[in-house]
Amino acid sequence: VSLGTVTVPSTSKITVVNSGVYNLQWSGQFQNTDTQLHDASIWLKTNGSNLTGSTGLVSIPNKHGGVNGHTIVGWNYFLQLNAGEYVEIWWSSESAQVSLQAYAAGSSPTRPTTASVIATLSFVSALPA
């Protein structure tokens, strides 16, 4: 598995070297700065095309008491990919106040940074004959 560096958005493509069945696991740290709840749609693309049946819909909590709304969303998928094919995670929201956020380390208590998205693509098995 490799992370693409050739085309924009280059870092969005997770490319496989060997044909096989793969398990894609991902999570995203969403934030909503609006006082209203908003939805986000998240889906997969393989080789630049939307993957049928992959869209998930999630509601991102609203800002409350001066604190932005947050949620971590995550799924996993089993995908059949041929050598050289790639997968991407895409998302959208009807509100520009919803975003994926990374956070700096914190204090009181001390805690590490937070990534906006984490993705793992693991080889499971060869393609069925």
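See the structure shown above.
Residue positions are given per chain, counted from 1 along the sequence in the order it is written. Reporting of local features is limited, given that this is a predicted model, to residues whose pLDDT is at least 70; pairs of side-chain atoms are given and counted only at 80 or more, and all residues count toward the totals for whole chains, interfaces and linings. Each side-chain value is worked out from all heavy atoms of the structure, with water and hydrogens disregarded.

Another aspect to go through is the overall build of the protein chain. Per the convention used, a helix needs a DSSP run of H or I reaching at least four residues, while a strand needs a run of E reaching at least two, with both numbered from the N terminus. When you go through the protein chain residue by residue, the secondary structure sums to zero helices and 10 strands. The helix and strand sequence of the protein chain, counted from the amino end, reads β-β-β-β-β-β-β-β-β-β. Along the first, second and third principal axes, the C-alpha atoms of the protein chain reach 55 × 35 × 25 Å. With a 1.4 Å probe rolled over the protein chains alone, any residue whose accessible area is under 20% of its type maximum counts as buried; one over 50% counts as exposed, and the rest are partly exposed. For the protein chain, with 129 residues in total, the buried portion stands at 32%. Here the analysis covers contacts within the protein chain between residues at least 6 apart in sequence; of these, 72% occur between residues at least 24 apart. Using the Shrake-Rupley algorithm and a 1.4 Å probe, accessible areas are obtained, with residue cover drawn only from the displayed protein chains. Carbon and sulfur atoms make up 54% of the accessible area of the protein chain, which amounts to about 7500 Å² in all. We treat Lys and Arg as the positive residues and Asp and Glu as the negative residues; His and chain ends play no part in the count. Where a charge lies is defined by one atom per residue type: Lys uses NZ, Arg uses CZ, Asp uses CG and Glu uses CD. Once the 4 positive and 5 negative side-chain charges of the protein chain are each reduced to a mean point, those two points are 10 Å apart. The contact definition used throughout considers only heavy atoms, calling two residues in contact when any of these lie within 4.5 Å.

With that out of the way, let us pick up the nonpolar core. We call a set of buried residues a nonpolar core when its members are Ala, Val, Leu, Ile, Met, Phe, Trp, Tyr or Cys and they connect through side-chain atoms within 4.5 Å of each other. Residues Phe30, Leu79, Val87 and Leu121 are the most contacted members of the largest nonpolar core, which totals 18 residues. Residue assignment for this core shows that the elements contributing at least two residues are β3 (20-32), β4 (38-46), β6 (56-60) and β7 (69-81).

All right, on to the environment of Ser116 then. The residue Ser116 is located in the loop between β9 (98-100) and β10 (117-125) in this model. Judged by relative accessible area, which is 26%, Ser116 ranks as partly exposed.

A pair of aromatic rings is counted whenever rings of Phe, Tyr or Trp (Trp by its six-membered ring) have centres within 6.5 Å, and the orientation is called stacked for planes under 30 degrees apart, edge-to-face for over 60 and tilted otherwise. One pass over the structure, following the stated rule, counts three aromatic pairs. Centre to centre, the rings of Tyr22 and Phe123 are 5.5 Å apart; their planes meet at 75°, and the pair counts as edge-to-face. Remark: Phe123 occurs in strand β10 and Tyr22 occurs in strand β3; sequence separation between them is 101 residues. Judged by centre distance (5.3 Å) and plane angle (85°), the rings of Phe30 and Trp91 are edge-to-face. Of this pair, Phe30 sits in strand β3 while Trp91 sits in strand β8 (residues 86-93); the two residues are 61 residues apart in sequence, bridging distant segments of the chain. Above the plane of the ring of Tyr86 lies Lys13, whose end atom (NZ or CZ) is 4.7 Å from the centre. Only Lys NZ and Arg CZ are tested; either one counts as a charge over a ring when it is within 6 Å of the ring centre and within 35 degrees of the ring normal.

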